Amino acid sequence: MLRLASATPPTWAAAAIAHMDEVLLDHAHCEKKAASTAINLIFRYPEYPQLVTPLSALAREELEHFERVVELMRSRSLEFKRQRPSPYAGRLLEIVRKEEPQRMVDLLICCALIEARSCERMKLLSETLDVGDLQTLYADLLASEARHHTTYIDLARQTGVVDEVALEHRVREIANHEAAVIADASELPRLHT
Ligand SMILES: [Fe+2]
Ligand SMILES: [Fe+2]
């Protein structure tokens, strides 16, 4: 179950597909960023050894996704390059509390919600695209992103910082914030706009 507080309108997929080259480049950047975020969490929280192996595995998987997207881009004569990012992640992270260990819990929940939104959007793309290599890519990846969503929620729980009631409460709060951020996102053709 994805803990999102809003559903993307089905019209989003057709608009994204109309700018597929830009969305693919953004997708490649998102996979790279997802790997780097997981590694950063390992650096930042060595006193929570329960995070190390799951985050390392997740980072590896995101890098595999990155390579797969870049390979597909090359097959379409597109190059991986710089791109203006969507303001989505930056605005989502504004809700993260400054003090530890609440900061860590919030970061893990934000990561869970980014994975959930990616999964939801990939599902819409996979249902809207014509059968072909792109459609296969999204149909394949969305299951991993759903799993990553669950992994991040489980990790937040396993830190032992919050009990189940407090965790559920904070997930709902951040999911509501995420829904507001995505509703107000820029018009750039991106995975999270
Ligand atoms: Fe991924
Ligand atoms: Fe992921």
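1. So, the coordination of the iron ion (ligand 1)
Okay, so step 1: Protein coordination at the iron ion (ligand 1) comes from Glu31 (OE), Glu62 (OE), His65 (ND1) and Glu145 (OE), with a distance range of 2.0 to 2.3 Å.
Okay, so step 2: Geometry at the iron ion (ligand 1) is irregular, judged from its four donor atoms and the angles of 88 to 140° they form at the metal.
Okay, so step 3: Considered as a linear motif, the donors of the iron ion (ligand 1) on their single chain read E-x30-E-x2-H-x79-E.
Okay, so step 4: Separating the iron ion (ligand 1) from the iron ion (ligand 2) is a gap of 3.4 Å, which glutamate 62 spans by donating to each of them. One end of the pair, glutamate 31, is in helix 2 (residues 20-44); the other, glutamate 62, is in helix 3 (residues 52-75), with 31 residues separating them in the sequence. Grouping residues by exposure puts glutamate 31 and glutamate 62 together as buried.

2. What to know about the coordination of the iron ion (ligand 2)
Geometry sets the ideal angles at a metal, namely 109.5 degrees for four tetrahedral donors and 90 or 180 degrees for six octahedral donors.
Okay, so step 1: Looking at the iron ion (ligand 2), the protein donor atoms are Glu62 (OE), Glu115 (OE), Glu115 (OE), Glu145 (OE) and His148 (ND1), and they sit 1.9 to 2.6 Å from it.
Okay, so step 2: By relative accessible area, which is 6% here, glutamate 115 ends up buried.

3. Notes on the packing of helix 2 against helix 5 (residues 102-128)
Okay, so step 1: The geometry of helix 2 relative to helix 5 is characterised by a closest axis approach of 12 Å and an angle of 160° between their N-to-C directions. Comparing their axes, helix 5 and helix 2 come out roughly antiparallel. Here helix 2 and helix 5 pass one another in a crossing that is left-handed. Between helix 2 and helix 5, the residues in contact are His27, Glu31, Ala34, Thr37, Leu41 and Arg44 and Arg103, Leu107, Leu108, Cys111, Glu115 and Met122, respectively.

4. Structural notes on the environment of threonine 193
Okay, so step 1: With respect to the helices, strands and loops of the structure, threonine 193 is situated in the segment after helix 7 (164-183).
Okay, so step 2: Owing to a relative accessible area of 14%, threonine 193 belongs among the buried residues under this scheme.
Okay, so step 3: The sequence separation of threonine 193 and leucine 142 amounts to 51 residues, and the corresponding C-alpha distance is 18 Å.
Okay, so step 4: Leave out the neighbours within four places in its chain, and threonine 193 touches Trp12, Ser86, Arg121, Ile182, Ala185, Ser186 and Leu188.
Okay, so step 5: Looking at threonine 193, its side chain comes within polar contact range of the main-chain oxygen of arginine 190, at 3.2 Å.

5. Examining unusual backbone geometry
Okay, so step 1: Residue glutamate 100 is joined to proline 101 through a cis peptide bond whose omega torsion reads 5°.
Okay, so step 2: Counting through the fold element by element, proline 101 comes out in the loop between helix 4 (88-92) and helix 5.
Okay, so step 3: Positive phi outside glycine occurs at serine 77, with the angle close to 60°.
Okay, so step 4: Note that serine 77 resides in the loop between helix 3 and helix 4.

6. Concerning the confidence of the model for the chain
Okay, so step 1: The predicted model of the chain averages 96 in pLDDT, with 100% of residues at 70 or higher.
Okay, so step 2: At the level of individual helices and strands, the chain shows its lowest average pLDDT in helix 1 (residues 11-17), which scores 93, and its highest in helix 3, which scores 98.

Definitions and cut-offs
- Residues numbered from 1 in each chain as written.
- Chains lettered and ligands numbered in written order.
- Predicted model: local features only at pLDDT ≥ 70, side-chain atom pairs only at ≥ 80, totals over all residues.
- Heavy atoms only, no water.
- Donors = N, O, S within 2.8 Å, 3.2 Å for Na, K, Ca; no water.
- Tetrahedral: all angles 85-135°; square planar, octahedral: opposite > 155°, others 65-115°.
- Helix = DSSP H or I, 4+ residues; strand = E, 2+ residues; numbered from the N terminus.
- Buried < 20%, exposed > 50% of the residue type's maximum accessible area, 1.4 Å probe, protein only.
- Axes fitted to C-alpha atoms, helices over the stretch in contact; angles between N-to-C directions.
- Parallel < 35°, antiparallel > 145°, perpendicular 65-115°, else oblique.
- Left-handed = near helix turned anticlockwise from the far one by under 90°.
- Contact = heavy atoms within 4.5 Å.
- Polar contact = N/O pair within 3.5 Å; in protein donor to acceptor, adjacent residues only side chain to side chain.
- pLDDT = per-residue confidence, 0-100.

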